[in-house]
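# What the coordinates show
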Amino acid sequence: ATASREAVDARGAVVDAKSALEEALREASRDAAREVAAKTRAAAAAKVATETRLLADEATTETVAAAAAVRRALASMTRTRAEHEEVRVKQAAKKASADAET
């Protein structure tokens, strides 16, 4: 009876050990899945951050180019305005000269 009782106890210990091992494996699997998900989220966040930096760099480049274009346009307008003013002054001088002769 004692040997039978020991066999039953041993079988129960084996079942308990098997259950504990299965639970440990399930927990390890869940931990690994959580770790993979966290690494995936971190990689996606890093990708978004890199894309955002690239877009900001591109926008900065475009802004600098647009500012340069505006400066060129203003310089051109200033030259044109100065040329028009020069023509106007010459015409006024010619008119004044003609008026003085008459």
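Just above sits the structure.
These notes cover the structure that comes with them. (Residues numbered from 1 in each chain as written. Predicted model: local features only at pLDDT ≥ 70, side-chain atom pairs only at ≥ 80, totals over all residues. Heavy atoms only, no water.)

### Digging into the overall build of the protein chain
Keep this limit in mind: Labels follow the DSSP assignment, with helices taken as runs of H or I lasting at least four residues and strands as runs of E lasting at least two, numbered in each case from the N terminus. Radius of gyration here is computed from C-alpha atoms only, and the compact-globule reference equals 2.2 Å multiplied by the residue count raised to the power 0.38. Using a 1.4 Å probe, accessible areas were evaluated by the Shrake-Rupley method; residue-level cover was limited to the displayed protein chains. Under this rule, positive means Lys or Arg and negative means Asp or Glu; His and the chain ends count for nothing. Lysine's charge is taken at NZ, arginine's at CZ, aspartate's at CG and glutamate's at CD.
Broken down by element type, the protein chain carries one helix and zero strands. Its C-alpha atoms give the protein chain a radius of gyration of 44 Å, more than 25% over the compact-globule value 13 Å for 102 residues. Expressed as lengths along the three principal axes of its C-alpha atoms, the size of the protein chain is roughly 150 × 10 × 5 Å. Accessible area for the protein chain stands at about 8700 Å²; split by element, carbon and sulfur atoms hold 64% of it. A gap of 5 Å separates the mean positions of the 18 positive and 17 negative side-chain charges of the protein chain.

### Things to note about the pattern of salt bridges
Worth spelling out the cut-off: By definition here, a salt bridge exists when the distance from a side-chain nitrogen of Lys or Arg to a carboxyl oxygen of Asp or Glu is within 4 Å. Exposure is judged per residue with a 1.4 Å probe applied to protein chains only, and the accessible area is read against the type maximum: over 50% gives exposed, under 20% gives buried, and values in between give partly exposed.
Across all of its chains, the model carries eleven salt bridges by this definition. Notably, a salt bridge pairs Arg-30 with Glu-23, separated by 3.2 Å at the nearest N-O pair. For Arg-30, a relative accessible area of 36% corresponds to the partly exposed category. We note a salt bridge from Glu-27 to Arg-34, for which the minimum N-O separation is 3.4 Å. A residue is classified by how much of its surface remains accessible, and Glu-27, at 31% relative accessible area, is partly exposed. Several salt bridges converge on common partners, so that one network encompasses Glu-23, Arg-26, Glu-27, Arg-30, Asp-31 and Arg-34.

### Some points on the environment of His-84
Mapping His-84 onto the fold places it in helix α1 (residues 2-101). Judged by relative accessible area, His-84 falls into the exposed class, the value being 55%. It is 21 Å that separates the C-alpha atoms of His-84 and Val-70, two residues lying 14 residues apart in sequence.

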